[in-house]
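Summary of structural features
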Amino acid sequence: MPILRIIKNDTKINFMRIKKITLFISAILFLFSLSLIFFKGLNLGIDFTGGTLIEARFKENIDLNNLRTKMNKLDLGEVQLQTIGNENDIIFRVQDKKNNQAKTIEIIKKSLSDESVDYRRTEFVGPKVGGELVEAGIIAVIFSLIGILIYIWVRFQWNFALGAIIALVHDVILTLGFFSILQFEFNLATVAAVLTIAGYSINDTVVIYDRIRESMRKYKQITFDEVINLSLNGTLSRTLMTSLTTLLALIALFIFGGIVISSFIVALIWGVFIGTYSSLYIASPLLTYLKSDNRQSLKE
Amino acid sequence: MVQFKKWQLYLVILFSFFAIIFSLPNFFSKETLKKFPAFIPSEQIVLGLDLQGGSYLLIEVDTQSVISENFESFSDGLRLSLRKNKIPYSKFNIKNNNLFFKIRNEDKKDDLSKILSNYSQDISFEYLDDGSTKIFFNNQKIKTIQDTSVSQSIEVVRRRVDEYGTKEPTIQRQGINRILLELPGITEPERLKKLLGKTAKLTLQIIDEDLSPDEIRSGKTKPGTIIYETDNELDSSGNPLLYAVKKRNFISGDLLINAFPTIDRGSPVVSFEFNNKGGRKFGKITTENIGKRLAIVLDKKIISSPNIREPITGGKGIITGQFTFQEATDLSMLLRAGALPAPLNIIEERTVGPSLGADSIKSGKFASILGFILIIIFMFLIYGVFGFFASIALCFNLLILLAILTSIKATLTLPGIAGIVLTIGMAVDANVLIFERIKEEIKHNLSPIATIDTGYKEAFKTIIDANITTLIAAIMLFGLGSGPVKGFAVTLSIGILTSMFTAIMFTRILILIWLKKKLPERINL
């Protein structure tokens, strides 16, 4: 006999009752995110902008102001300094358009040669490469959306594919908005996170759609809203279970996985929430507006 | 679905066996592995540069400069043959690797076509409206030049990296004109970058002393000579000295067979040795030019300009620049490895120091184990004995994943570890789907076997649909192409496949064996 229950068996939550509210809220959040992305912009990392990044661990306490003065003397343009973790770990970010950027690392290292420093990570991305990485990232997102769209179209019907894709675009844009408002660094790893969120969210949606399709065959006498409610309740404990197990793994990674992947993990955690929400409150209610109720023509 | 065939059981046992065998070495240190008997595999998973520390360099070969060089020498050749065949021409000029000129005499056009037909494999040409001819390299020729200069560059880079003493470097061509360099263990790449940044084109030429450095500075030139600045001699106003150097009769560095640093009269020098052909040429030139000065030109700079006191016939000599011993060592190394056909530019560099790599492994390991334990406890709390079965399957899922990654020699990166942890979280999804379905079927009051059977059957379709869509996203990620993201995509996609296998085959067999042993009246879930 199981010791714990997340929710009681046989829930009868009326998800569809608030479908207009949730769709409205999502539309607002969607537009808000879009405007954030356009007006506030994303805090693009050097993967996309090109530039130099150095993560250094100083053996002794370092005075950030002194360091800043020192860096400004190097004539590299703006050198951003940021402490991470403990006080002695410092990240240098330089976007030096003037000099040959490949030399920036050397110049900074030379200026610190009288300190005892452990260089944990140094990165340089040329401006050309940065542009290419952006392009590859966008292409990857678009292609995976198209791939998923086609698969669902083939396995279900076009209305379902459309519903799933709208929910998916919703998730992607809200994730980008999340990054924009918190000004988290958006780098190549974050693109991977966004794609994983897409994968996770679509996984959730497909499980629910599968049940809706099944219920459509079974129940011919009740309204379409009720069909969807039945299906959402039927899959609810699974939806929550999977979100919880994934969250458990992600939270472990967030706390103990180190600074390098932390923004990547934050994106994924956000994605689990938004993906779960959109499967329940966006992807499913949307079906009622997409002329998906073709139960009369369905084969037994 | 309720009956499993004997072969299915054997398959699962076989898979588990291989999973254990091939993932096993990852749990031991390299020293312990050496003591293992030979029949047990000892391959460990390959760690990415971000975990073991090292440098990743993306280098662009400046093929454009080679194309220009080639085109200029082609144009020079064409001009010579125009003269030889007495074809009068005017307005001969090169612009962006296009050659334009006008034939003054219309009836010489046939002769021109005949000359051009000799080059027909390499060039295309157009007759423009104003009566001039435009000639350019065709795509085939450009591609050939690019290919040869990139593959020659790779050769030279490989030799330089080997001489530098790197263990197991990866050197690959990427795209049209790029070279990808992965150097495990190199955490201070500055010196290597400097070495790669040098073309190392060496020539020995005779200095034309008709022009004094001051005259050259004031802009005087002389046909047949080229002007280079010196590397370490300064004139009275602090500018580097300029010399005019004869273009003809030079010896190029590719005739060298050896070079090494030595000490001559207390200072570091580079001692070199020519092959037979180079030795003869060196002997001849030094004999003919006694009393003059020899310019040793490296990458368009004169690094040394000794007087020729006597013929040097042995094919050996020394370069006395103002070197430190390190510089003499590096120069010898560059000369031994040969010159690059084109300049190289570093367009992307990522270096991870050993301490960060070690930290990442430690935290990655800890997070994986913690996430794993949390999920096992959680599954047991929610699904009881069924959750316990799912956890055993999850264990094997991890082992199989590790075994596959090890045997296909996939590289494990930090995002890759994140992929594994995420897989752990999502791997239980298939089991959750099945168990939830079984829960619903319990309401229908069927026999335990029929309940589990229907549960599996109904959940199966959903599992396939859900996992394929996630797999599509993972494969697109893989296509994104960059190193760290690829690592994540690899572990995630393999993880999805193995989790489907363990969830469907593994737990089912465990549950059915348990059913047959226990014969419960009804299922509690």
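To keep things clear, this report deals only with the structure shown in the data block. (Residues numbered from 1 in each chain as written. Chains lettered and ligands numbered in written order. Predicted model: local features only at pLDDT ≥ 70, side-chain atom pairs only at ≥ 80, totals over all residues.)

1. A short note on the overall build of chain B
Scanning chain B from N- to C-terminus turns up 15 helices and 19 strands. For 525 residues, the compact-globule estimate of 2.2 N^0.38 gives 24 Å, and the C-alpha radius of gyration of chain B, at 35 Å, exceeds that figure by more than 25%. Evaluated residue by residue, chain B yields a buried proportion of 40% over its 525 residues. Long-range pairs, those at least 24 residues apart, make up 69% of the contacts in chain B with a sequence separation of at least 6. (Helix = DSSP H or I, 4+ residues; strand = E, 2+ residues; numbered from the N terminus. Rg over C-alpha atoms; globule rule 2.2 N^0.38 Å. Buried ≥ 20, exposed ≤ 12 C-beta atoms within 10 Å, placed from the backbone. Contact = placed C-beta atoms within 7 Å.)

2. A short note on the pairing of strand β2 (residues 54-61) of chain B
Residue and element names in this part refer to chain B. Across the eight residues of β2, eight count as buried, placing the element largely inside the fold. Alternating positions in β2 separate into two faces, G54, Y56, L58 and E60 on one and S55, L57, I59 and V61 on the other, with burial throughout. Pairing of β2 with strand β8 (residues 178-184) involves seven bridges; the strand directions are antiparallel. If you follow E60 over to β8, its bridge partner there is R178. Alignment of β2 against strand β18 (residues 344-352), held across eight bridges, turns out to be antiparallel. Note on β18: the bridge partner recorded for E60 is N345. (Pairing = 2+ DSSP bridges.)

3. A word on the environment of B:S447
Structurally, B:S447 is set in the loop between α13 (414-442) and α14 (448-480). A tally of 12 C-beta atoms within 10 Å means that B:S447 is categorised as exposed.

4. A closer look at the pairing of strand β3 (residues 89-95) of chain B
Residues and elements named next belong to chain B. Across the seven residues that make up β3, only a small minority, zero, are buried. In terms of strand pairing, β3 meets strand β4 (residues 98-103) through five bridges, oriented antiparallel. Residue pairing in the sheet places S90 in a bridge with K102 of β4.

5. Overview of the environment of B:G317
Residue and element names in this part refer to chain B. One can find G317 in strand β17 (residues 316-319). When the C-alpha positions of G317 and E273 are compared, they lie 6.6 Å apart, and in sequence the two are 44 residues distant. Dropping the residues within four chain positions of it, G317 is found in contact with F272 and I312.

6. Some details on the interface of chain A and chain B
Between chain A and chain B, the residue contacts involve 61 residues of the former and 62 residues of the latter. Contributing elements (two or more residues each) for the side of chain A that touches chain B: β5 (117-125), α5 (127-155), α7 (188-218), α8 (224-256) and α9 (262-289) of chain A. Top element by residues in the side of chain A that touches chain B is α8(A). It accounts for 14 residues. Of the residues contributing to the side of chain A that touches chain B, the split by class is 37 nonpolar, 15 polar and nine charged. (Nonpolar A, V, L, I, M, F, W, Y, C, P; charged D, E, K, R; others polar.)

7. A few points about the packing of helix α6 (residues 139-164) of chain B against helix α7 (residues 190-197) of chain B
Residue and element names in this part refer to chain B. Between α6 and α7, whose axes approach to 10 Å, the crossing angle comes to 145 degrees. Between α6 and α7 lies a crossing of right-handed hand. Contact with α6, carried on its side by V157, R160 and Y164, involves L192, L195 and L196 of α7 and no other residues of that element. For the contact of α6 with α7, the per-class residue count stands at five nonpolar, no polar and one charged. (Axes fitted to C-alpha atoms, helices over the stretch in contact; angles between N-to-C directions. Left-handed = near helix turned anticlockwise from the far one by under 90°.)

8. What to know about the sheet that holds β4(B)
All names here are of chain B. Reading across from one edge, β3-β4-β6-β5 is the order of the four strands in this open sheet, with antiparallel pairing throughout. Whereas interior strands pair on both sides, the edge strands pair on one side only; in this sheet they are β3 and β5 (123-127). Within the sheet, the average angular offset between the axes of one strand and its neighbour, ignoring direction, is 20 degrees. Running over the sheet, helix α4 (residues 63-84) touches β3, β4 and β6 (132-137) and is turned about 170 degrees from β3.

9. Thoughts on the sheet that holds strand β2 (residues 51-58) of chain A
Strand order in the open sheet formed by eight strands is β3(A)-β4(A)-β2(A)-β5(A)-β18(B)-β2(B)-β8(B)-β7(B), with antiparallel pairing between adjacent strands. Where the open sheet ends on each side, the last strands, each with one partner, are β3 (79-84) of chain A together with β7 (170-174) of chain B. Taken over all neighbouring pairs, the strand axes of this sheet differ in orientation by 20 degrees on average, direction set aside. Helix α4 (residues 104-111) of chain A contacts β2, β4 (89-94) and β5 of chain A of the sheet and is inclined by roughly 25 degrees relative to β2(A). In the packing of helix α11 (residues 354-383) of chain B onto the sheet, the strands contacted are β5 of chain A together with β18 of chain B, and the crossing angle to β5(A) comes to about 90 degrees.

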